[in-house]
Amino acid sequence: MENVTTLVPKREKTILIFGLSSFVGSNLAEFFKKDFRVVGTYNKNPIFIPGVLALPCDVLNKEEVQLALYAFKPDITIYAVGLSSVMECSRNPDLADALNASGLFNVVEYCQRYKSQVCYLSSGFVFAGEDKQYIEMDIPDPNTVYGKTQASAEFYIQKSSLNYIIFRSCKLYGRGHIENRKTFFETIQKDFMDRKNISCDDNVKTGYLDVYYLAMILKICFEKGVKNRLFQISSNDTASFNEFVKDYCEIFSESSGLVQKGRWPFPFVASAATLPSGDKINFDLDISNIEGFLNINMPTVKESLEFTFKRFMGKAKTARGGSSGGEDVTFI
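Residues numbered from 1 in each chain as written. Predicted model: local features only at pLDDT ≥ 70, side-chain atom pairs only at ≥ 80, totals over all residues. Heavy atoms only, no water.

### Describing the packing of aromatic side chains
Inference 1: Taken as a whole, this structure holds 29 aromatic pairs when the rule is applied.
Inference 2: Judged by centre distance (5.4 Å) and plane angle (80°), the ring pair of phenylalanine 31 and tyrosine 212 falls under edge-to-face. Of this pair, phenylalanine 31 sits in helix α1 (residues 23–32) while tyrosine 212 sits in helix α7 (residues 211–224), and the two are 181 residues apart along the sequence.
Inference 3: In this structure, arginine 229 packs its charged tip against the face of phenylalanine 293, placed 4.7 Å from the ring centre. (Phe/Tyr/Trp six-rings, centres within 6.5 Å; stacked < 30°, edge-to-face > 60°. Helix = DSSP H or I, 4+ residues; strand = E, 2+ residues; numbered from the N terminus. Lys NZ or Arg CZ within 6 Å of the ring centre and 35° of its normal.)

This is the structure:
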């Protein structure tokens, strides 16, 4: 006789994304909807993603946060709300603190009540940008408003949540889902289309990853049931924005003559305890932990851009060998 348990379909996991209309939130929803039941919230920017339920919610309103978690009782709650621009956070420190930290406190409180794992997306800006490679165990020493709010959020989750996962990521790029709000990647593409000269900072170095790499890693961790861990995610190397755009030109066949080396202002907090000692500001994240844990090899900046080219435009121009990861995920 057939085992009765085989007749009961496996319940689809539910993922709730606070900040569905954000660049990262919308891309994660687009990626996850094939394998999970995905719902999301927005505040001032209504968004439509086929197959994803979107509803309004202000993360600073505890009652609205509670209602969203009570209604859907998600297995996983991703916090993708916040100001992710270093300059915008510097100009609006109160808003940055409210969205990047205070809103998260509300979400974490009700995730505990409804037994949902909270997933927080942090960044390498929790560090000071010194000429070294940062590991997960290094104590955050941010010198920007953006970094301070994220370090505060990381600390709060680790001290107050019994079921969390934190991903400290390098710079993520790709296309968003809100027409009137372009990502920096979309701005680059439009400038090349319009044949405009592009001034690119050559002072700050960080990793660069297509946002879908983050989505692939999250998916593996969710399926494995990983909990109470902090992982750093980055490309295998770092680049300045100028170097990133030059690599973009090579892979997307654009004119590098339009790219001009520049130096953008970087908003250090005057009271910061640590400031970079050299001329360059480096946010180099050690990724050996995530690579060893999931048996994968993260791509270089160029390899990530090659993946982006294929994802947006189809067949790549050159067949480059790449590193193949575990879990049937090939990271080009």
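### Let's talk about the confidence of the model for the protein chain
Inference 1: Of all residues in the protein chain, 89% have pLDDT values of 70 or greater, and the mean over the chain is 89.
Inference 2: Every residue in residues 315–332 is under pLDDT 50, and counting partners more than four places away or in other chains gives 46 contacts. (pLDDT = per-residue confidence, 0-100. Contact = heavy atoms within 4.5 Å.)

### Digging into the packing of helix α2 (residues 62–72) against helix α4 (residues 93–113)
When two helices pack together, you describe them by how their axes are tilted relative to each other and by the distance separating the axes.
Inference 1: Taken N-terminus to C-terminus, the directions of α2 and α4 make an angle of 40°; their axes are 9 Å apart at the nearest point. Between α2 and α4 the crossing geometry is right-handed. Listed contacts from α4 to Lys62, Val65, Gln66 and Leu69 of α2 are Asn106, Val107, Glu109, Tyr110, Cys111 and Arg113.
Inference 2: For the contact of α2 with α4, the per-class residue count stands at 5 nonpolar, 2 polar and 3 charged. (Axes fitted to C-alpha atoms, helices over the stretch in contact; angles between N-to-C directions. Left-handed = near helix turned anticlockwise from the far one by under 90°. Nonpolar A, V, L, I, M, F, W, Y, C, P; charged D, E, K, R; others polar.)

### A word on the sheet that holds strand β3 (residues 53–56)
Inference 1: With respect to topology, 7 strands assemble into an open sheet ordered β3-β2-β1-β4-β5-β7-β12, the strand pairing being parallel. In this open sheet, the two edge strands, each paired with only one partner strand, are β3 and β12 (229–233). Strand-to-strand twist of the sheet, defined as the mean angle between neighbouring strand axes without regard to direction, takes the value 20°.
Inference 2: Pairing between strand β7 (residues 164–169) and β12: 5 bridges, direction parallel. In the strand pairing of β12, arginine 168 is matched with glutamine 232.
Inference 3: Its contacts with the sheet place helix α5 (residues 145–160) against β5 (117–123), β7 and β12, and it is angled at close to 155° to β5. (Pairing = 2+ DSSP bridges.)

### Topic: the pairing of strand β4 (residues 76–79)
It is a general feature of regular strands that their side chains alternate between the two faces of the sheet.
Inference 1: Because side chains alternate across β4, one face comprises the buried residues Ile76 and Ile78, and the other comprises Thr77 and Tyr79, equally buried.
Inference 2: Two strands pair when backbone bridges link them, and strand β1 (residues 14–18) and β4 are joined in this way by 4 bridges, in the parallel orientation. What sits directly across from isoleucine 15, in β4, is isoleucine 76.
Inference 3: Pairing of β4 with β5 involves 4 bridges; the strand directions are parallel. If you follow isoleucine 76 over to β5, its bridge partner there is glutamine 117. (Buried < 20%, exposed > 50% of the residue type's maximum accessible area, 1.4 Å probe, protein only.)

### Notes on the sheet that holds strand β6 (residues 133–134)
Inference 1: Strands sit in the order β6-β15-β10-β13 across an open sheet of 4 strands; the sheet is mixed. The open sheet terminates on both sides in strands that have one partner only, identified here as β6 and β13 (239–240).
Inference 2: In the sheet, strand β10 (residues 204–206) pairs with β13 via 2 bridges, with the strands oriented antiparallel. Across the sheet, the residue bridging to lysine 205 is serine 240, located in β13.

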